[in-house]
Amino acid sequence: MSSEPGTPTLDQLRVLVTVVEVGSFAGAARKLNRATSVISYTIANLEAQLGVRLFDRESTRKPQLTDAGRMVLGEARLVASGIDTLRAKTKGLLQGLESELHVVLDTFLPKDRVVDALTGFFAAFPTVSLHLSVETLGAVTQLILNRRATIGVSGPLDTMDGIERISIGGVRMIPVAATTHPLAMAGRNAPGAGREHIQLVLTDRSPLTEGRTFGVMSSRMWKLADVSSKHMLLNAGIGWGYMPEPMVREDVAAGRLVVLDMPDAASGDYSLHAIHRSDTLPGPAASWLIERLRNQI
């Protein structure tokens, strides 16, 4: 046999996959609405094209794949699946559906809301590739302005030209510290007590809120780039700080963290908005995702 295999057709590969799935040449003929002889001829041509025997026709009446056949079957399934995906994505493009979507989320958006939205998105738009980023404060809006993301979920920022905002509720922010922290052990604290202790604060990686602070009470600050580091240090007893209530709910219930009683550092709502550029209307998939987030309220 030649060491240079030919190029099989997509139809030949689909016939091979169908024969294996239904277990016989006759069954494949019925499923594909063809004569059994045509199925046999197609498989024979595929074997001739590739230069290998795909089925053992001698030891059993039921088609049994050879070692080479099993290898070819795996590749045939990948090719057929790739073609189906290509057709589905092309159909979506013809209907105006995005081929991919870049989304950036505020780090304080509760996990259960993220999971709900993206699980539903995957079910509704299986052909749309999703690129997901998580940022803090102004960095979300910066990615939208720079066109590195199509839509985002942003925290409370001032209204700015070029950005459309749609309210999607918010999340409760509460001051917490480890049970061993002096502020937690004190019970009810006097006004200004938080200023005497290190406050853990998230920093913004964009110039939009440069020089501004949110909910900062203490002059003794540790600035952190991500909320997971803040969460870790709070549990370690290093400092106090504001956290989204859903993110620390289990810690409070288990007694690892305490909600601080400080009259000048009360709990408050952190508003959330879906955002996009004013000059770029969201496509079908992006619009669906925004509406899903709105409906979660």
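What you are looking at is a predicted structure, and each value in this text was computed from that prediction instead of being measured.

## A short note on the pairing of strand β11 (residues 268-277)
Part 1 of the argument: Along β11, seven of the ten residues are buried, which leaves the element largely enclosed by surrounding structure.
Part 2 of the argument: In this structure, strand β5 (residues 151-154) lies alongside β11, joined through four bridges in antiparallel fashion. For Val153, the partnering residue across the bridge sits in β11 and is Ala274.
Part 3 of the argument: Bridge count between strand β6 (residues 163-178) and β11: nine bridges; the pairing is antiparallel. If you follow Ser167 over to β11, its bridge partner there is His273.

## Digging into a nonpolar patch on the surface
Part 1 of the argument: Together, Leu130, Leu132 and Val134 make up a nonpolar patch on the protein surface, roughly 230 Å² of accessible area in all.
Part 2 of the argument: Of note, Leu132 is situated in strand β4 (residues 129-135).
Part 3 of the argument: By relative accessible area, Leu132 is classed as partly exposed at 41%.

## Quick look at the packing of helix α1 (residues 10-22) against helix α2 (residues 25-32)
To characterise two packed helices, one gives the angle between the axes of the helices and the distance between these axes.
Part 1 of the argument: Across the interface, α1 lies against α2 with an axial gap of 8 Å and an inter-helix angle of 115 degrees. The two elements α1 and α2 meet at a crossing, and its hand is right-handed. Together, Val15, Thr18, Val19, Glu21 and Val22 of α1 and Phe25, Gly27, Ala28, Lys31 and Leu32 of α2 make up the contact between the two elements.
Part 2 of the argument: Here the residues of the contact of α1 with α2 sort into six nonpolar, two polar and two charged.

## Some remarks on the nonpolar core
Part 1 of the argument: Among the nonpolar cores identified, the biggest contains 47 residues, and Leu101 and Trp240 are the most heavily contacted of them.
Part 2 of the argument: Broken down by element, the residue count for this core peaks at seven residues, all from β6.
Part 3 of the argument: The residues contacting Leu101, other than those within four sequence positions of it, are Phe121, Val128, Ser129, Leu130, His131, Thr150, Ile151, Ala285, Ala286 and Leu289.
Part 4 of the argument: In terms of nonpolar packing, the next biggest core, distinct from the first, is built from 18 residues, Leu16, Ala28, Phe55 and Leu65 among them.

## Some points on the side chain of His276
Part 1 of the argument: Relative to the assigned elements, His276 resides in strand β11.
Part 2 of the argument: Overall, His276 belongs to the buried group, its relative accessible area being 7%.
Part 3 of the argument: A polar contact of 3.3 Å, which involves the side chain of His276, links it to the backbone oxygen of Thr280.

## Digging into unusual backbone geometry
Part 1 of the argument: Look at Asn33: it is not a glycine, yet its phi comes out positive at around 60 degrees.
Part 2 of the argument: Mapped onto the elements of the fold, Asn33 is located in the loop between α2 and α3 (36-50).
Part 3 of the argument: Overall, the relative accessible area of 72% leaves Asn33 in the exposed class.
Part 4 of the argument: Positive phi is not limited to glycine here, since Arg147 has a value of about 65 degrees.

Rules and cut-offs
- Residues numbered from 1 in each chain as written.
- Predicted model: local features only at pLDDT ≥ 70, side-chain atom pairs only at ≥ 80, totals over all residues.
- Heavy atoms only, no water.
- Buried < 20%, exposed > 50% of the residue type's maximum accessible area, 1.4 Å probe, protein only.
- Helix = DSSP H or I, 4+ residues; strand = E, 2+ residues; numbered from the N terminus.
- Pairing = 2+ DSSP bridges.
- Patch = residues over 30% accessible without salt bridge, like charges linked within 9 Å, V, L, I, M, F, W, Y side chains within 5 Å.
- Areas by Shrake-Rupley, 256 points an atom, 1.4 Å probe, with all protein chains shown as cover.
- Salt bridge = Lys/Arg side-chain N within 4 Å of Asp/Glu carboxyl O.
- Axes fitted to C-alpha atoms, helices over the stretch in contact; angles between N-to-C directions.
- Left-handed = near helix turned anticlockwise from the far one by under 90°.
- Contact = heavy atoms within 4.5 Å.
- Nonpolar A, V, L, I, M, F, W, Y, C, P; charged D, E, K, R; others polar.
- Core = buried A, V, L, I, M, F, W, Y, C linked by side-chain atoms within 4.5 Å.
- Polar contact = N/O pair within 3.5 Å; in protein donor to acceptor, adjacent residues only side chain to side chain.

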